[in-house]
Number of protein chains: 2
Amino acid sequence: MGIRVGFIGLGTMGAPMAMNIHKAGFPLIVYNRTRSKTEPFARLNIPVASSPREVAEKSDVVICMLTDAPDLEQVLFGKEGVVEGRHEGLIVVDMSTNSPEYSLEFHRRLRELGVEFLDAPVTGGDKGAREGALTIMVGGNRNVFDRVKPVFEAMGKVIIYAGDVGSGQLLKLINQVVVGLNTLAMVEALTLAKRTGADISKVQQVLTSGMGNSEVIRQLMPRILSGDFKPGFKASHLRKDLKYVIDLATKLNTPMPGVSILLQLYNALVALGLGEEGTQALIKLYDTLTRTQA
Amino acid sequence: MGIRVGFIGLGTMGAPMAMNIHKAGFPLIVYNRTRSKTEPFARLNIPVASSPREVAEKSDVVICMLTDAPDLEQVLFGKEGVVEGRHEGLIVVDMSTNSPEYSLEFHRRLRELGVEFLDAPVTGGDKGAREGALTIMVGGNRNVFDRVKPVFEAMGKVIIYAGDVGSGQLLKLINQVVVGLNTLAMVEALTLAKRTGADISKVQQVLTSGMGNSEVIRQLMPRILSGDFKPGFKASHLRKDLKYVIDLATKLNTPMPGVSILLQLYNALVALGLGEEGTQALIKLYDTLTRTQA
């Protein structure tokens, strides 16, 4: 349990993930740009670093759980960034969702500086993060993966070694295709239900008991029905992931009409100013289109 | 257990449903246009009627599990049809998926002849039908529902009284929105996986363990991966259901971009001559578009 872990990015997902690392007994140091999010850690006497550089200096493994590639680049290569605190044996793990191309690029740049890199995005939602029940998909060198594996096991239940750098992200993007379109399925079904005056409690009973059942229905439909649009996963983040999917599909001449229209719908949702809400806020776009009260 | 049950339509879903009624001890008589499908019943000494009229004469409840409204109309009102065998207390139950409008029309025409009607579509797939684990959504008179309920319980695990005639079908159409779009989700994810060379066994592990998990993934993805395109539920039937959804949505000025594109994709699948395969054959349309081997 001697691996010293640094955790950067204590958002909806990152905070409970870091907390599970602490609970598993790993020495932990945390950093977050918005300082207030470090308070629950400080109260437990977990050291709070003043920069990503300090995190790197005091850790064997630095885990990043950030929004997108530009944030990651800033944290890694910016002023007072992780690479300024690099040392022999340092491993950087990106657990945010990025495109496989970005992972390859970060990997290349870090390798030149003697730093190892794994891409290790997750699925399971904020519920999975809190319960230490995430699915973690890891790309990168196999030996490096083996060294970090005990730390992954503190956060997740299913740990998948996906292959070379970028292949964790690829599995994640494939997963997001399903999560995104299953969300669309739920939202269009609920819209039809509202517009036809169907009994919503009976709709919920049907959808959770037959061929329509899904993790998205189980986790997000109760939130919609109780008016809870807090992000388990932000709509703007899903929008970003869908854009990476379409970028990749276009590069590979692969038509994906479903994801394509889904990206446009999330573009509209962001245009409505709802990107910071949870992915389930897609229902609000449909409510707007049909002038229906949520 | 004295309710005499007549069962018309012994297809992929109907045959196991009728068999479960027999196993539950109800007196049963069956009819199917293609006579060969009645043979497993004849071997168990279950009477096989020579017409829907004869089924009606010898039953208290006639269950129809057919493809579409024109078939149902023929069985009910055609030559040697159910209404020719009508008698005091006869109940007709349509367990196929139809539009709520058709249910209302059949109900009106049967009521004029003194015959009760319930619409009672199901979800759960052929697996649910075989295991007596269907979800059954029932519209119609509450007292009539109560009389037939023990028969439903022989076929299903979750029996939902949905409300007036047509409301069972409405719940089913809402369910089909989810099932259809979840199928699209699986197919686009698999297509991206194939085109990027991702490890399919790892994709399956991810999709069945995180936020992407769904009954569609659990039941249909193994069939695709083993090359099994036999219909649990026929593509042409889902196409019909999606058309009813779009008809209803258009009548209600309700935009459903996801289902709309899905209907067009199933139109293309039927155009490719694949309508008689299972809904999972949608992957073949994508394989065709990308010249990928299944």
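What you are looking at is a predicted structure, and each value in this text was computed from that prediction instead of being measured.

## Some thoughts on the side chain of A:Thr135
Step number 1: Considering the arrangement of structural elements, one finds A:Thr135 in strand β7 (residues 134–139).
Step number 2: When its relative accessible area of 1% is taken as the criterion, A:Thr135 is described as buried.
Step number 3: A polar contact of 2.7 Å, which involves the side chain of A:Thr135, links it to the side chain of B:Ser209.
Step number 4: With residues near it in sequence (within four places) discarded, A:Thr135 still touches A:Pro121, A:Val122, A:Thr123, A:Val158, A:Ile160, B:Val206, B:Ser209 and B:Gly210.

## Looking at helix α9 (residues 200–207) of chain A
Step number 1: By the burial criterion, the buried members of α9(A) are A:Val203, A:Val206 and A:Leu207. Relative to the axis of α9(A), the buried residues are bounded by an arc of 90° and lie together on one face.
Step number 2: On its buried face, α9(A) is in contact with α8 (167–196) and α10 (215–225) of chain A together with β6 (122–123), β7 (134–139), β8 (156–163) and α8 (167–196) of chain B.

## A short note on the packing of aromatic side chains
Residue and element names in this part refer to chain B.
Step number 1: Counted by the stated rule, this structure contains ten aromatic pairs over all chains.
Step number 2: Ring plane angle 20° and centroid distance 6.2 Å describe the contact between Phe-77 and Phe-106, whose orientation is recorded as stacked. With Phe-77 in helix α4 (residues 69–77) and Phe-106 in helix α5 (residues 100–112), the pair connects residues that are 29 residues apart, well separated along the chain.
Step number 3: The class for Phe-106 is buried, based on a relative accessible area of 2%.

## Some details on the UniProt feature "domain: 3-hydroxyisobutyrate dehydrogenase-like NAD-binding" (unreviewed entry) in chain A
Step number 1: In the UniProt entry, the feature "domain: 3-hydroxyisobutyrate dehydrogenase-like NAD-binding" (unreviewed entry) is given for residues 166–286 of chain A.
Step number 2: End-to-end, the C-alpha atoms of residues 166–286 of chain A are 35 Å apart, and along that stretch the chain is 71% helix and 0% strand.

## A closer look at the domain arrangement of chain A
Residues and elements named next belong to chain A.
Step number 1: Domain boundaries assigned for chain A yield domain 1 (5–164) and domain 2 (170–290).
Step number 2: Relative placement of domain 1 and domain 2: their C-alpha centres are 27 Å apart.
Step number 3: Contact residues are listed per partner, giving 20 residues for domain 1 and 15 residues for domain 2.
Step number 4: Looking at the side of domain 1 facing domain 2, the largest losses of area belong to Thr-67, Thr-97 and Pro-100, adding up to 30% of the total buried there.
Step number 5: Linking domain 1 to domain 2 there are two salt bridges.
Step number 6: Notably, a salt bridge pairs Glu-101 with Lys-251, separated by 2.7 Å at the nearest N-O pair.
Step number 7: Across the contact surface, domain 1 and domain 2 share eight residue pairs in polar contact (both at pLDDT 80 or more).
Step number 8: Ranked by residue count, the leading element in the side of domain 1 that touches domain 2 is helix α5 (residues 100–112), at three residues.

## Considering helix α12 (residues 257–271) of chain B
At 3.6 residues per turn, the α-helix brings residues three or four places apart onto the same side.
Step number 1: An ideal rise of 1.5 Å per residue puts 21 Å on 15 residues; α12(B) measures up with 21 Å between its terminal C-alpha atoms.
Step number 2: Its buried side turned inward, α12(B) meets α8, α12 (257–271) and α13 (282–289) of chain A together with α8, α11 (235–251) and α13 (282–289) of chain B.

## Here's the deal with the nonpolar core
Step number 1: Of all hydrophobic cores here, the largest spans 147 residues; its most connected members are A:Val82, A:Leu282, B:Ile8, B:Val82 and B:Leu282.
Step number 2: With residues near it in sequence (within four places) discarded, A:Leu282 still touches A:Leu184, A:Val187, A:Leu262, A:Leu265, A:Tyr266 and A:Leu269.
Step number 3: Counting residues in each nonpolar core, the second largest holds 36 residues, with B:Met13, B:Ile46, B:Val48 and B:Val138 among its members.

## Topic: the relation of the copies chain A and chain B
Step number 1: Turning chain A through 180° and shifting it by 0.0 Å along the axis lays it on chain B, with an RMSD of 0.0 Å. With respect to symmetry, the two chain copies, as superposed, fit the operation of a two-fold axis. Taking the C-alpha atom as reference, chain A places A:Ser214 closest to the rotation axis, 1.9 Å from it.
Step number 2: A high fraction, 100%, of the interface residues of chain A reappear at the interface in chain B, so the copies pair face to face through one surface.

## Quick look at the interface of chain A and chain B
Step number 1: Tallying the contact residues gives 60 residues for chain A and 60 residues for chain B.
Step number 2: Summed over both sides, the interface of chain A with chain B buries roughly 5,100 Å², with 73% coming from carbon and sulfur.
Step number 3: Summed over the shared surface of chain A and chain B, the number is zero salt bridges.
Step number 4: Joining chain A to chain B, the criterion identifies 16 residue pairs in polar contact (both at pLDDT 80 or more).
Step number 5: Only β7, β8 (156–163), α8, α9, α10, α11 (235–251), α12 and α13 of chain A provide two or more residues apiece to the side of chain A that touches chain B.

## A look at the packing of helix α4 (residues 69–77) of chain A against α5(A)
All names here are of chain A.
Step number 1: At their nearest, the axes of α4 and α5 sit 11 Å apart, and the two run at 10° to each other. Here α4 lies roughly parallel to α5, going by the angle between them. Residues Ala-69, Leu-72, Glu-73, Leu-76 and Phe-77 of α4 form the contact with α5, whose participating residues are Tyr-102, Phe-106, Arg-109 and Leu-110.
Step number 2: Split into classes, the residues belonging to the contact of α4 with α5 amount to seven nonpolar, no polar and two charged.

## Here we look at the pairing of strand β2 (residues 28–31) of chain A
Residues and elements named next belong to chain A.
Step number 1: A two-sided burial pattern is seen for β2, the buried positions comprising Leu-28 and Val-30 on one face and Ile-29 and Tyr-31 on the other.
Step number 2: Pairing between strand β1 (residues 5–8) and β2: four bridges, direction parallel. If you follow Ile-8 over to β2, its bridge partner there is Tyr-31.
Step number 3: Tracing the backbone out of β1, into helix α1 (residues 14–23) and back to the parallel element β2 gives a crossover that is right-handed.

Reading the values: the criteria
Residues numbered from 1 in each chain as written. Chains lettered and ligands numbered in written order. Predicted model: local features only at pLDDT ≥ 70, side-chain atom pairs only at ≥ 80, totals over all residues. Heavy atoms only, no water. Helix = DSSP H or I, 4+ residues; strand = E, 2+ residues; numbered from the N terminus. Buried < 20%, exposed > 50% of the residue type's maximum accessible area, 1.4 Å probe, protein only. Polar contact = N/O pair within 3.5 Å; in protein donor to acceptor, adjacent residues only side chain to side chain. Contact = heavy atoms within 4.5 Å. Arc of directions from axis to C-beta. Phe/Tyr/Trp six-rings, centres within 6.5 Å; stacked < 30°, edge-to-face > 60°. UniProt positions renumbered as here; feature names shortened; annotations may be inferred. Domains from an automatic or database assignment. Buried area = accessible area lost by both parts, 1.4 Å probe. Salt bridge = Lys/Arg side-chain N within 4 Å of Asp/Glu carboxyl O. Expected span 1.5 Å × (residues − 1). Core = buried A, V, L, I, M, F, W, Y, C linked by side-chain atoms within 4.5 Å. Least-squares fit on C-alpha atoms with pLDDT ≥ 70 in both. Axes fitted to C-alpha atoms, helices over the stretch in contact; angles between N-to-C directions. Parallel < 35°, antiparallel > 145°, perpendicular 65-115°, else oblique. Nonpolar A, V, L, I, M, F, W, Y, C, P; charged D, E, K, R; others polar. Pairing = 2+ DSSP bridges. Right-handed = clockwise from strand over helix to strand, strands pointing away.

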